[in-house]
Amino acid sequence: MTTVAIAGSTGSIGTQTLEVVAAEPDRYQVVALGAGGGNVDLLVAQAHAVGPAVVAVAEATHLDELKVRLPPCELRVGEEGLASLGAEAEVCVNGVVGFAGLAVTLAALGAGRRLALANKESLIAGGPVVARARAATGAELVPVDSEHCAVHQCLRAMAPDGPDRVARIVLTASGGPFRGRSRAELAGVSVDDALAHPTWSMGPKITVDSSTLMNKGLEVIEAHELFGVDYDRIEVVVHPQSVVHSMVEFTDGATVAQLSLPDMRLPIGYALAWPDRIGTPFGRIDWSRLSRLDFQPPDHDAFPSLGLAYEAGRVGGTVPAWLNAANEVAVAAFLDRAISWISIPDVVAAALDRHDGSPADSADEVIAADRRAREETRRLIERWP
Ligand code: MG
């Protein structure tokens, strides 16, 4: 039995991880669950279903209720409590939303445990720090993000001593709900419009990121950090069907792609089982029904977030941390109906203009940069026209 800890268990990745584990009951055992702490009913139900030794909540708000309703287990509280799940099992699935996932990432890598990483923000904001944590313990990091999981699979077609045989990584993007619309046509879109993703069912933050293409921009930085490929060799192509999850082109011109129907349980199962595979199929293709696969270049005029992410990634240091923080604040303001959808990239660009040139040599510097970027972005939004 492989022991599994799930940070962010009540979110989209967490609940799907529990489905994968339930499908492979002889193979995986969930020993720790952690969440923000707001969704008490779901967390309690999950704990009764899997009987974890440890439950952690980031917020103490519902602590008294949890103490009464949880089955016998050790209850940990606060961001440190949630992060401690990183060291609690052989595999830690990090499905925490946003920058808050960095502590979980560092705890898992620091303890030398395998990290199944769905929290891309920790890698984007803390790239240099995460790289050092990986190198120090040699911990495995298997991406759960569908595109990077696809690239991870494609790279298995390469000899282990041939990393310079990668010509390009091609990340696919569904294009989100606003694909094909011009900048002018996007001026008045609503929160509900942005949350109506055509192919993937995900949480609200990543769904809005998908609609602006910032999600793809963050994934470009994520690919650079995960696979060490420079930005000139990472491309984005819009692929509305979300069946080709990403591709790797090698120096001899061969392209290897990973295909499946959009289902996050496949990348979750891949990260749990790697280098093996699970026996339960998720997202398998019915070739009698799949009739076409379309590809088109992204529209940088309508979706400037993608270009902002490339710029931030190329500068490096704490600029990607600023990009990520500014975007989280701007997306939250959009979901609160404080700014328009079309303002999201403008707010992020204005925040990046205020970057103070600070380095990203330690976790503390990254955390401080994240905090400053959030303050700057909130100030910008207060005065936003
Ligand atoms: Mg993705």
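Residue positions are given per chain, counting from 1 as you read along its sequence in written order. In keeping with the model being predicted, local features are shown solely for residues with a pLDDT of at least 70 and side-chain atom pairs are shown and tallied solely at 80 or more, while totals for entire chains, interfaces and linings include all residues. Note: side-chain values were computed over all heavy atoms of the structure, leaving out hydrogens and water.

## Comments concerning the nonpolar core
Put simply, buried Ala, Val, Leu, Ile, Met, Phe, Trp, Tyr and Cys residues joined by side-chain atoms within 4.5 Å make one nonpolar core. Per-residue accessibility, obtained with a 1.4 Å probe over protein chains only, is compared with the maximum for each type, and a residue is labelled buried under 20%, exposed over 50%, and partly exposed between these values. Ranked by internal contacts, the top residues of the largest apolar core, which has 57 residues, are L323 and W341. Helix and strand definitions follow DSSP, with helices as H or I runs of at least four residues and strands as E runs of at least two, each counted in order from the N terminus. Per element, the largest residue contribution to this core is ten residues, and it comes from helix α14 (residues 319-335). Pairs of residues are marked as contacts when any of their non-hydrogen atoms sit within 4.5 Å. With near-sequence residues (within four places) excluded, L323 lies in contact with M214, L218, I221, L308, A309, A312, V348 and L352. Among the nonpolar cores identified, the runner-up in size contains 36 residues, and V21, L63, V93 and A273 belong to it.

## Observations regarding the environment of R183
Mapping R183 onto the fold places it in the loop between β8 (166-173) and α9 (191-194). Leaving out residues up to four positions away in the same chain, R183 has contacts with D301, A302, P304, I342 and D346.

## Some remarks on the coordination of the magnesium ion
Here the magnesium ion is held by the protein donor atoms D145 (OD), E147 (OE) and E219 (OE), which lie 2.0 to 2.1 Å from it. We call an atom a donor if it is N, O or S and sits within 2.8 Å of the metal, or 3.2 Å for Na, K and Ca. Water is not counted, so some sites may look partial. One chain supplies every donor to the magnesium ion, and in sequence these donors are spaced D-x1-E-x71-E. Separated by 74 residues along the polypeptide, D145 in the loop between β7 (141-143) and α8 (146-154) and E219 in helix α11 (residues 214-227) bring together distant segments of the chain. In terms of burial, D145 and E219 fall into one category: buried.

## Some thoughts on the sheet that holds strand β10 (residues 244-250)
Read from one edge to the other, the open sheet built from four strands follows the order β9-β8-β10-β11, with strand pairing classed as mixed. On the outer flanks of this sheet lie β9 (234-238) and β11 (255-259), each paired with one strand and no other. Strand after strand, the sheet turns through a mean of 20° between neighbouring axes, direction not considered. In this description, a line fitted to the C-alpha atoms serves as the axis of each element, helices being fitted only across the stretch in contact, and the angle between N-to-C directions of two axes falls anywhere from 0 to 180 degrees. Against the sheet, α8 makes contact with β8, β10 and β11, and its axis sits at roughly 40° relative to β10, the strand it touches most. DSSP-based pairing: two strands are paired if at least 2 bridges between them are found.

## Structural notes on the sheet that holds strand β6 (residues 114-117)
Strand order in the open sheet formed by seven strands is β4-β3-β2-β1-β5-β6-β7, with parallel pairing between adjacent strands. The open sheet terminates on both sides in strands that have one partner only, identified here as β4 (74-77) and β7. Sheet twist, expressed as the mean angle between neighbouring strand axes with direction ignored, is 20°. Set on the sheet, helix α12 (residues 265-273) makes contact with β1 (2-7), β2 (28-35), β5 (91-94), β6 and β7; between it and β6 the angle comes to about 170°.

## Points about the pattern of salt bridges
Definition used for salt bridges: Asp or Glu carboxyl oxygen within 4 Å of a side-chain nitrogen of Lys or Arg. Under the defined criterion, the tally for this structure stands at 25 salt bridges. A salt bridge links E19 to R265; its shortest N-O distance comes to 3.0 Å. Placement of the pair is E19 in helix α1 (residues 12-23) and R265 in helix α12, with a sequence separation of 246 residues. What makes E19 partly exposed here is its relative accessible area of 38%. By relative accessible area, which is 23% here, R265 ends up partly exposed. Across the pair E219 and K216 runs a salt bridge whose closest N-O atoms are separated by 2.6 Å. In this pair, E219 and K216 both sit in helix α11, three residues apart, roughly one turn of the helix. Both residues of the pair, E219 and K216, belong to the buried class. Connected via shared salt-bridge partners are K120, D145, E147, K216 and E219.

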